[in-house]
Amino acid sequence: MNEQTTNTPMRTKTWTLRVDLFEEGDVTKVHAVLDTGDNRLESHTEAHRNPHDPPAPEIGDEYAAGRALVDLGHQLLRSGMADADANEPPLQG
C-alpha cells in the first residue's frame, strides 16, 4: 500500500432506488427512480401480456421492472462516460 491509500478515509454513500408498478388490464407500467444524491435518473417502462397467455401479474411486474432497471443501468453508464470525458485533462498541443 502506498501512503496516499492508507491516509485516505473510506467514502460511503447510499443510493436510493424506488420502483413503482401500475397494472392496467394486460399492461404493467413501471416508474423507477435512482437517486444517487448527486444525480436523479428516471425510467418509464411497460410490459404487455400476450393475449394468448394466462394472467400472471408477477410476470408482467418482473418484465417491466427488469426493463426499467436495465434502462437505469444504461443511463448510469452514459452518465459515467460523460463525467469521465469531462474530467479528462486538456490535450497539450
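Residues numbered from 1 in each chain as written. Predicted model: local features only at pLDDT ≥ 70, side-chain atom pairs only at ≥ 80, totals over all residues. Heavy atoms only, no water.

Chemist: Run through a nonpolar patch on the surface, naming residues and quoting values.
Modeler: Taken together, the side chains of Leu-17, Val-19, Leu-21 and Leu-69 present a nonpolar region at the surface, about 300 Å² in accessible area. When residues of the nonpolar patch are assigned to their parent elements, the largest contribution, 3 residues, is made by strand S1 (residues 16-24). Structurally, Val-19 is set in strand S1. (Patch = residues over 30% accessible without salt bridge, like charges linked within 9 Å, V, L, I, M, F, W, Y side chains within 5 Å. Areas by Shrake-Rupley, 256 points an atom, 1.4 Å probe, with all protein chains shown as cover. Salt bridge = Lys/Arg side-chain N within 4 Å of Asp/Glu carboxyl O. Helix = DSSP H or I, 4+ residues; strand = E, 2+ residues; numbered from the N terminus.)

Chemist: Help me get a handle on the environment of Val-33, residues and values and all.
Modeler: Relative to the assigned elements, Val-33 resides in strand S2 (residues 27-35). Overall, the relative accessible area of 9% leaves Val-33 in the buried class. For the pair Val-33 and Thr-16, spaced 17 residues apart in the sequence, the C-alpha separation amounts to 8.0 Å. Discounting residues that sit within four places of it in the chain, Val-33 has contacts with Thr-16, Leu-17, Arg-18, Arg-40, Leu-41 and Glu-42. (Buried < 20%, exposed > 50% of the residue type's maximum accessible area, 1.4 Å probe, protein only. Contact = heavy atoms within 4.5 Å.)

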